[in-house]
Amino acid sequence: MSTIDRIVRWGVGRVANARNEWIKATDAEDRTLAYQILTARTPTVPITDDEQRQKALAVSWIYSAIQLLAREFSAAKLEVKETQGEQLVSINNHPQEVLFRHANPVVDITFIWQYTIAWMQLRGNAYWFLAPEAGQPNVISEIWPVPADRIFPIPDDKKLIKAYGYKLPSGQIQPIDPRYIVHYMYPNPFSLIDGLAPLTAARIPLETETGTSTFQRDTYVSGRGVPHSIIMLNEDMGDRDFISVSNQIKEEFEQERKIIVARSGDLKVATVGISQKDMDLINQRKFTRDELDIIFLGFPLHGASGTELQQLDKMFKEKTVHPLHKLLSGQLSLQMTQPYYGAEYISEFEDIRA
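These figures come from a predicted structure and were not determined experimentally.

Visitor: Can you lay out the confidence of the model for the protein for me, pointing to particular residues and giving the numbers?
Guide: For the protein, the average pLDDT comes to 79, and 71% of its residues sit at 70 or higher. For the protein, the element scoring lowest by mean pLDDT is helix α2 (residues 16-25), at 49; helix α7 (residues 109-123) scores highest, at 96.

In structure tokens:
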């Protein structure tokens, strides 16, 4: 059993009594309509598409785009602020900020944020398990990231989200009290409890890039493509001499010798450039690269340089990273800050544009 699996089992056992008390205290008003809206077109079992996600991470443009976004996102400072009238005032050493300095004994908060962003890009959802202090169900002592392909919300017509189901390696579904799960998600027009992954829009360019890169590899590595050079021997040379000289030249090239000695007039070398087909292939890969950049980053950052790169980088921070900070900090505040520290507190990332 993996570390995460053991942590989930340990945490669920720790909060079992607290869960029962919470269920008793939960408002049981009729929420049938809200439940129907919430669960519209939403599966009640995990969606697994591991092969597609693994293939995506094998594409250099997708991998580097996800890494770029994750690193830029995690570089910002998260602050807890208190509402004072119309103002938001930062609170130094708030318990949540203290917790973030030591999220758990294994990984720090920077790793957790980058892990979270990676799952958001690949699955549209990311999850944290909030482990409470032993005997104190309202005090969170640790934060653990949870693989998004192993967990899913379980809807309920009374409480809307009855629990989160965590799939153990054995196949057993372990329910977790929703108080102890932070669910990050991209807005999805087809569901309110299942995020829409950018990877969804990248399926066709992913297949295109995989196909063209494989073809290009075979062209230049396996020798199936157009040769770089053509060596022309004397047309009057007999078959026996032609075979002998050809074998000698092949041997020289295979041994990577830079000089070939030949009788003057017996041999000519013509260099073959990139064909129109090869040029089309290269341009196609650039187009697909930019398309994937737009899907995952919002802008075609790969291939830019100089002043253009500086402008795109600024736009990337303002139009992609900053809104993502606002989205996730709002979801964090709703699920973590308010239930445990009071509704007057919110989590907010330091403005990266400052």
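Structure shown, so let's carry the discussion forward.
Visitor: An account of the packing of aromatic side chains is requested, with residue identities and associated values reported.
Guide: Within this structure, the stated rule accounts for nine aromatic pairs. Judged by centre distance (6.2 Å) and plane angle (25 degrees), the rings of Phe111 and Tyr115 are stacked. You can see Phe111 and its partner Tyr115 sitting in helix α7, four residues apart, about one turn around the helix. Looking at Phe111, the relative accessible area reads 42%, which means it is partly exposed.

Visitor: Before we move on, can you summarise the pairing of strand β4 (residues 136-146) with the specific residues and values?
Guide: Here seven bridges tie strand β3 (residues 125-133) to β4, and the two strands are oriented antiparallel to one another. Residue pairing across strands places Trp128 opposite Pro145, the latter belonging to β4.

Visitor: Just give me the short version of the pairing of strand β2 (residues 87-90), but keep the residues and values in it.
Guide: Pairing analysis gives four bridges linking strand β1 (residues 78-84) to β2, with the strands arranged antiparallel. Of the residues in β2, the one forming a bridge with Thr83 is Leu88. Turn length for the β1-β2 hairpin, with the two strands adjacent in sequence and antiparallel, is two residues, and the turn residue Gly85 shows positive phi of about 70 degrees.

Visitor: Quick one: what's the story with the sheet that holds β3, residue by residue and with numbers?
Guide: Strand order across the open sheet formed by three strands is β4-β3-β8, with antiparallel pairing between neighbours. Looking at which strands have only one partner, the edges of the open sheet turn out to be β4 and β8 (181-185). The average undirected angle you get between the axes of adjacent strands in this sheet is 25 degrees. The sheet strands contacting helix α12 (residues 306-341) are β3, β4 and β8, and the helix crosses β8 at an angle near 165 degrees.

Visitor: So what about the nonpolar core? Which residues, and what values?
Guide: Counting residues in each nonpolar core, the largest one holds 68 residues, and the members touching the most others are Phe100, Trp113, Trp128, Ile143, Tyr184, Leu332 and Met336. Top contributing element to this core by residue count: α12, with nine residues.

Visitor: Break down α7 for me, citing the residues and quoting the values.
Guide: Working note: α-helix, 3.6 residues per turn, so residues spaced by three or four point in the same direction. When the terminal C-alpha atoms of α7 are compared, their 20 Å separation across 15 residues agrees well with the 21 Å that a helix rising 1.5 Å per residue should span. Of all the positions in α7, only Ile109, Ile112, Trp113, Thr116, Ile117, Trp119, Met120, Gln121, Leu122 and Arg123 are classed as buried. Downstream of α7 by a residue or two, Gly124 has a phi angle that is positive, lying close to 85 degrees.

Visitor: Quick rundown of unusual backbone geometry? Include the residues and the values.
Guide: The phi dihedral of Asn93 is positive, around 60 degrees, even though this residue is not glycine. Structurally, the position occupied by Asn93 is in the loop between β2 and α6 (95-101).

Visitor: Describe the sheet that holds strand β7 (residues 173-176), with residues and values.
Guide: In space, the three strands of this open sheet follow the order β5-β6-β7, with antiparallel pairing throughout. The sheet is open, and its two borders are formed by β5 (151-156) and β7, each paired with just one other strand. If you compare each strand with its neighbour and ignore which way they point, the axes differ by 35 degrees on average. Here four bridges tie strand β6 (residues 160-167) to β7, and the two strands are oriented antiparallel to one another.

Visitor: Please set out the environment of Met315 residue by residue, giving values where relevant.
Guide: Relative to the helices and strands, Met315 resides in helix α12. Classification of Met315 by relative accessible area gives partly exposed; the value is 36%. In this structure the C-alpha to C-alpha distance between Met315 and Gly298, which are 17 residues apart in sequence, comes to 9.0 Å. Other than its neighbours up to four places away in sequence, Met315 contacts Phe299 and Thr320.

Visitor: Describe the pattern of salt bridges, naming the residues involved and giving the relevant values.
Guide: The tally for this structure, following the rule as stated, stands at eight salt bridges. The shortest N-O distance in the salt bridge between Lys55 and Glu207 comes to 3.3 Å. Of this pair, Lys55 sits in helix α4 (residues 50-57) while Glu207 sits in helix α9 (residues 203-221); the two residues are 152 residues apart in sequence, bridging distant segments of the chain. Accessibility expressed as a relative area gives 27% for Lys55, which makes it partly exposed. Salt-bridge contacts for Glu79 lead to Lys77; the nearest nitrogen and oxygen are separated by 4.0 Å. By sharing partners, the salt bridges in this structure join Glu72, Asp313 and Lys317 into a single network.

Reading the values: rules and limits
The residue count restarts for each chain, going from 1 along the sequence in the order it is written. Where local features are concerned, this predicted model is filtered to residues with pLDDT of at least 70; where side-chain atom pairs are given and counted, the filter is 80 or more; whole-chain, interface and lining totals use all residues. Each side-chain value is worked out from all heavy atoms of the structure, with water and hydrogens disregarded. Every residue carries a pLDDT, the predictor's confidence in it, which falls somewhere between 0 and 100. Here a helix means four or more residues in a row that DSSP labels H or I, a strand means two or more in a row labelled E, and each is numbered from the N terminus. Ring geometry is summarised as follows: Phe, Tyr and Trp rings, the Trp one being its six-membered ring, pair when their centres sit within 6.5 Å, and such pairs are stacked at plane angles under 30 degrees, edge-to-face over 60 and tilted between the two. Relative accessible area decides the class of each residue, using a 1.4 Å probe on protein chains only: under 20% of the type maximum gives buried, over 50% gives exposed, and in between gives partly exposed. Two strands qualify as a pair provided that DSSP identifies no fewer than 2 bridges between them. For helices, the fitted axis covers only the stretch in contact; all axes are lines through C-alpha atoms, and the angles between them, taken along N-to-C directions, range from 0 to 180 degrees. For this analysis, residues touch if any pair of their heavy atoms sits within 4.5 Å. Buried Ala, Val, Leu, Ile, Met, Phe, Trp, Tyr and Cys residues form a nonpolar core when they are joined through side-chain atoms within 4.5 Å. Here the expected span of a helix is defined as 1.5 Å times the quantity of residues minus one. A carboxyl oxygen of Asp or Glu within 4 Å of a side-chain nitrogen of Lys or Arg is what we treat as a salt bridge.

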